[in-house]
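The residues making up each chain are set out below.
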Amino acid sequence: MKVGIMGGTFDPIHIGHMLAAECARDAYDLEEVWFMPSHIPPHKEDAGVTGLMRLEMTAEAVADHPSFRTLDWEVKRGGVSYTVDTVRELREAYPEHDFYFIIGADMVAYLPKWNRIGELAEMLTFIGLNRPGTKLSVDDLPDFLQKAVVTAEMPLIEISSTIIRSRAASGSSIRYMVPDRVYDYIVRSGIYGIQP
Ligand code: ATP
Ligand code: MG
């Protein structure tokens, strides 16, 4: 089975993440995409938004899609999680799966700096998607990474979790920037300064 991993902080998960996962799934016939929130050390966490809440928002976001799932391993493990360690465990648990890691253009450019990237690049294929602010370019990567990265098209979405957090904090609407079920979760729990 071909499985995409959509990793991120998801603080909160937004339509850029959803569309990136869907375009990657569609372009490479992924049978499932597993959304995996990463753990953030407690001192980095934003006003009251815990790993568990990021996991719950992610679960709301994927609930309507027949091929999308959440993966709680990094949040549950806590501490600093390196993708390379998680992917090694995934391959041990699911030796029959082929894994693809889905990332936006900013992360494609940053790949050379990832922890033990040489090891990680041997274990999976990265699918890179367009994102405003960084040109999606595989040619600029070192040779060993050029072999490990493929690309897919997606409409440019100029939304980030940072923009959403700052809009919410200043009282601007974030409706439609996150999936409806995530919006409801945020309003219900009163996080990001949104008033229920
Ligand atoms: P923050 O502003 O807090 O950094 P973010 O919006 O960048 O949040 P992350 O959780 O950091 O979201 O990103 C997870 C993954 O999703 C990364 O690979 C990132 O490149 C990708 N991604 C996020 N937003 C978009 C977008 N609008 N278009 C394409 N890819 C995106
Ligand atoms: Mg980011």
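Residues numbered from 1 in each chain as written. Chains lettered and ligands numbered in written order. Predicted model: local features only at pLDDT ≥ 70, side-chain atom pairs only at ≥ 80, totals over all residues.

An unreviewed UniProt entry lists the protein under the name Probable nicotinate-nucleotide adenylyltransferase, from Paenibacillus lautus. Recorded in UniProt under Pathway (unreviewed entry), the annotation for the protein is "Cofactor biosynthesis; NAD(+) biosynthesis; deamido-NAD(+) from nicotinate D-ribonucleotide: step 1/1." As stated in UniProt under Function (unreviewed entry), the record for the protein gives "Catalyzes the reversible adenylation of nicotinate mononucleotide (NaMN) to nicotinic acid adenine dinucleotide (NaAD)." (UniProt positions renumbered as here; feature names shortened; annotations may be inferred.)

(A) Representation of the overall build of the protein in the model. Across its full length, the protein holds nine helices and six strands. Counting only C-alpha atoms, the protein reaches 50 × 35 × 35 Å along its principal axes. Here the protein holds 196 residues, and the buried ones make up 38% of them. For the protein, the proportion of contacts with a sequence separation of at least 24, taken over those separated by at least 6, is 73%. (Helix = DSSP H or I, 4+ residues; strand = E, 2+ residues; numbered from the N terminus. Buried ≥ 20, exposed ≤ 12 C-beta atoms within 10 Å, placed from the backbone. Contact = placed C-beta atoms within 7 Å.)

(B) Molecular detail of the pairing of strand 4 (residues 98–104). Where burial is concerned, most of strand 4 is hidden: five out of the seven residues are buried. Relative to strand 4, strand 1 (residues 2–8) runs parallel, the two sharing five bridges. Looking at strand 4, one finds that Val3 is bridged to Phe99. Two strands pair when backbone bridges link them, and strand 4 and strand 5 (residues 125–129) are joined in this way by five bridges, in the parallel orientation. From the neighbouring strand, Phe101 faces strand 5, where its bridge partner is Phe126. (Pairing = 2+ DSSP bridges.)

(C) Representation of the site of ligand 1 in the model. With respect to spatial proximity, 18 residues lie near ligand 1, and among them Gly8, Gly16, Gly104, Ser161 and Thr162 are the closest. Counting only elements with at least two residues in the shell around ligand 1, the list comes to helix 1 (15–28), strand 4, helix 5 (105–110) and helix 8 (161–169). Partitioned by chemical class, the residues of the shell around ligand 1 number seven nonpolar, eight polar and three charged. (Near = placed C-beta within 6 Å. Nonpolar A, V, L, I, M, F, W, Y, C, P; charged D, E, K, R; others polar.)

(D) Highlighting the sheet that holds strand 2 (residues 32–37). Taken in spatial order, the six strands of this open sheet run 3-2-1-4-5-6, and their pairing is parallel. Edge positions in the sheet fall to strand 3 (68–70) and strand 6 (149–152), since each of these pairs with one other strand and no more. In this sheet, neighbouring strand axes are inclined to one another by 30° on average, regardless of whether the strands run parallel or antiparallel. With four bridges joining them, strand 5 and strand 6 adopt parallel strand pairing. Across the sheet, the residue bridging to Ile127 is Val150, located in strand 6. (Axes fitted to C-alpha atoms, helices over the stretch in contact; angles between N-to-C directions.)

(E) Representation of the packing of helix 2 (residues 51–62) against helix 9 (residues 180–189) in the model. Where helix 2 meets helix 9, the closest approach of the two axes is 8 Å, and the angle between their N-to-C directions is 145°. Residues Met53, Glu56, Met57, Glu60 and Ala61 of helix 2 form the contact with helix 9, whose participating residues are Arg181, Val182, Tyr185 and Ser189. Considered class by class, the residues forming the contact of helix 2 with helix 9 number five nonpolar, one polar and three charged.

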